[in-house]
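# Architecture at a glance
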Amino acid sequence: MQLIETVSYQSAAPQVPSQLADVRADPQAFLAIHALVKAQTSLHFLRTAFVVLSDFGCVSHLDKVTEASRQKRIRPGNFTRMGPHTIATYLATAFQIHGPAFALVGNKNEHFPQACQIANSLLQSSIVDIVCLVMSSPSECTINLYRSEDK
Amino acid sequence: MHKSGSEKVYVANPEVVTVLGSGESFWNALCRGDSGLSTAAEAFPNWFPGDTRYVGALTLTEEPTRFEQILDRVFERIDPKLFFSVEKIYIATSLGDLIGPYAGKPQRPIQKQLEQLDPKLSAKTMIVSSACSSGSDALSLGFLALKSGAADSALVIAADSLCPAKLAHHIALGTQSPGRCRPFDPGRDGTSFSEGGASLLLATAKGLSKLGCEPIVEVTGVGFSCDGYDITAPDPSGRWAAAAITHALPKNPGSIYVNAHGTGTLLNDQAEAKALQSALDLSRCWVSSTKGAIGHSLGATGLVEAIVAILSLARGKIPGTTGNREADSSLSLQIVRAGNALNQQVDQSLSVTFGFGGVNSAAFFQRI
């Protein structure tokens, strides 16, 4: 597996990216879209995977929903957009990519080798040609783009 | 894709925790056409007094720690030696509980559970989260790890809870049926959310030999995709779901049992039928959904239903679609209706799972 590009974006309060019609995403999804906009690598619509690695997923939405739930209130808009995988699915929607999109829950330092192994398995199995490994936190997103050694 | 891999990947030791029980009693109840669903009022009297919509709730002691208790039950059914002997562990979950000490952070009780067994286990464990596709995605990642030669054995585990706050959110979204889940029925009006878990071992022949486990079926392919269409609704054309199924499809498919995602929502069943029509020769497929019997167990549902597809193949029986009163003719599927299981030995089985955000997963199994 070969690292072809790394892009990152930092902001405590990211703006809504112009690529999104649905503006109700968690700010971490906004960060990821802003980061990927900076990438030079062209992404095939079906042969690109988004693999998110995140400690707690979409923390802002998650906190709103759990706080509301404690008071027996509901926040359906935040609820549907708080899973860590929504960072991947918003990327898929914004860039019209239809390959695998899922999240791994873990610490960037501790679980990075395992996330790389998963990226490598996706590439070796030829399910995709490019894996975007999205390392997401509330104020920063770094995306490593990988392809197979033999491509 | 994976088809180029040389090592065959087998399934052993499948276990489920569902509202219809576990082990043989689960399988027998499912094949009789029983349902483990109850009313929301019976399940959560403090949150939903008098509420007659049907949900699937396990009998648990304290509501704020439902996820932790379900995880305990799932772990109890796994041979302890497997945790130490396997090379990889994939644990699937979605959101867990929304109230209580681990609200929105199901990874914490998972880590706690693993540390109690052995602190070193976390180094080979990965938690997979992709909403309702989490369980099937964990299975797929385990399969790919073995196919790529990264491991010879992987334990795949899934668990999720239906805390009352989560049910309240789904009711507001309109995804929960006001009555009961009726998959592929013209009168369907939503799903019945539930909770539970599952586990299985994936291993190559070498891995099986090392662990002393017997295979029951082979995994022949997996596929996943994302609609990139809407954060809650599926792409109505079903084309990306079809792409995931096509990816997983064996070269020479025979007769197939499809354990459908079959949530019983209007949109899901329509999009899923289109995906199946596009990817498969439906004249050789029997389709059923088990959500009317065991509910939609959220992040666990993909692995629970993969095990139904596995057991169906291994035992030559296709469970019926509990809750279905009439097959929706507009869907053009050969639905196995509610009631006793169909005695039918098929060549392969397919498990299909979709999730919020438009994530789609498929896994094919073959008799050995």
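Counting restarts for each chain: residues are numbered from 1 in the order of the written sequence. The order in which chains are written sets their letters, starting at A; the order in which ligands are written sets their numbers, starting at 1. Residues qualify for local features only when their pLDDT is at least 70, as the model is predicted, and side-chain atom pairs are given and counted only at 80 or more; totals for whole chains, interfaces and linings, by contrast, use all residues.

Secondary structure elements follow DSSP: runs of H or I no shorter than four residues count as helices, runs of E no shorter than two count as strands, and numbering proceeds from the N terminus. Scanning chain A from N- to C-terminus turns up five helices and five strands. In chain A, the succession of helices and strands from N to C terminus is β-α-β-α-α-α-β-α-β-β. Each radius of gyration reported is based on C-alpha atoms, and the globular scaling rule is 2.2 Å times the count of residues to the power 0.38. Against the globule reference of 15 Å for 151 residues, chain A gives a C-alpha radius of gyration of 15 Å, in line with a compact fold. Two residues form a contact once the distance between their C-beta atoms, set from the backbone, is within 7 Å. Pairs at least 24 residues apart make up 72% of the contacts formed inside chain A by residues separated by at least 6 positions.

It is worth spelling out the overall build of chain B at this point. Secondary structure summary: chain B contains 12 helices and 14 strands in total. Here the C-alpha coordinates of chain B stretch approximately 55 × 50 × 40 Å along the principal axes. Out of the 368 residues belonging to chain B, those deemed buried represent 65%. Within chain B, contacts between residues separated by at least 24 positions form 79% of all contacts whose residues are at least 6 apart in sequence. Buried means a residue has 20 or more other C-beta atoms within 10 Å of its own C-beta, exposed means 12 or fewer, and partly exposed covers the counts in between; C-beta atoms are placed from the backbone.

This paragraph deals with the pairing of strand β2 (residues 48-54) of chain A. All names here are of chain A. Among the seven residues that make up β2, seven are buried, leaving the element largely enclosed by the rest of the structure. Burial of the side chains of β2 extends over both faces: Thr48, Phe50, Val52 and Ser54 are buried on one face and Ala49, Val51 and Leu53 on the other. Bridge count between β2 and strand β3 (residues 101-105): five bridges; the pairing is parallel. For valine 52, the partnering residue across the bridge sits in β3 and is alanine 103. The criterion for strand pairing is that DSSP finds at least two bridges linking the strands in question.

Before going further, it helps to examine the interface of chain A and chain B. When the parts of a complex come together, some accessible area is lost, and that lost area is often used as the size of the interface. Counting residues at the interface gives 42 residues for chain A and 43 residues for chain B. Elements supplying a minimum of two residues to the side of chain A that touches chain B: α2 (59-70), α3 (76-79), α4 (85-95), β3 and α5 (108-124) of chain A. The biggest single contributor to the side of chain A that touches chain B is α5(A), with eight residues.

A few words now on the nonpolar core. Core analysis: the biggest nonpolar cluster contains 175 residues, and A:Val51, A:Leu91 and A:Val134 have the highest contact counts within it. At nine residues, helix α12 (residues 301-315) of chain B tops the list of elements feeding residues into this core. Where each domain begins and ends is defined by an automated method or by a domain database. Residue-level mapping places this core at the junction of two domains, with at least three residues from each of domain 1 (2-211) and domain 2 (221-367) of chain B. Setting aside chain neighbours within four positions, we find A:Val51 in contact with A:Phe102, A:Leu104, A:Ala115, A:Ile118, A:Ala119, A:Val131, A:Leu133 and A:Val134. The term nonpolar core means buried Ala, Val, Leu, Ile, Met, Phe, Trp, Tyr and Cys residues held together as one set by C-beta atoms within 7 Å.

The next thing to look at is α5(A). Between its terminal C-alpha atoms α5(A) stretches 23 Å, which fits the 24 Å expected from 17 residues at 1.5 Å a residue. The angle between axes fitted to the seven-residue stretch ending at a residue and the seven-residue stretch beginning at it gives the bend at that residue. Of all the bends in α5(A), the greatest, near 25°, is centred on A:Gln114. The complete set of buried residues in α5(A) reads A:His111, A:Gln114, A:Ala115, A:Ile118, A:Ala119, A:Ser121, A:Leu122, A:Leu123 and A:Gln124. Buried residues along α5(A) sit in contact with β2, β3, β4 (130-136) and β5 (140-147) of chain A together with β5 (125-129) and α6 (134-147) of chain B. Helix span, expected: 1.5 Å multiplied by one less than the number of residues in the helix.

Take helix α1 (residues 27-37) of chain A next. Residues and elements named next belong to chain A. Most of α1 sits inside the fold, with 10 of its 11 residues counted as buried. Of the positions making up α1, those classed as buried are Pro27, Gln28, Ala29, Phe30, Leu31, Ala32, Ile33, His34, Ala35 and Leu36. At its buried positions, α1 is contacted by β1 (2-10), α2, α4, β4 and β5.

As a further point, take the environment of A:Ser136. Residues and elements named next belong to chain A. Following the sequence through the fold, serine 136 ends up in strand β4. Separated by 34 residues in the primary sequence, serine 136 and phenylalanine 102 place their C-alpha atoms 13 Å from one another. Each residue touching serine 136, except ones within four places of it in the same chain, is listed here: Gln28, Leu31, Ala32, Val52, Ser54, Ile87 and Cys141.

Further remarks concern the domain arrangement of chain B. All names here are of chain B. Each assigned domain of chain B is listed here: domain 1 (2-211) and domain 2 (221-367). For domain 1 and domain 2, the distance between their C-alpha centres works out to 18 Å. Each partner contributes residues to the interface: domain 1 has 60 residues there, and domain 2 has 59 residues. Elements with a minimum of two residues in the side of domain 1 that touches domain 2: β1 (9-17), α1 (23-32), α6, β6 (153-160) and β7 (196-203). In terms of residues, the side of domain 1 that touches domain 2 owes the most to one element, α6, which gives eight residues. Residues belonging to the side of domain 1 that touches domain 2 are distributed by class as follows: 28 nonpolar, 22 polar and 10 charged. Residue type decides the class: Asp, Glu, Lys and Arg count as charged, Ala, Val, Leu, Ile, Met, Phe, Trp, Tyr, Cys and Pro as nonpolar, and the leftover types, Gly among them, as polar.

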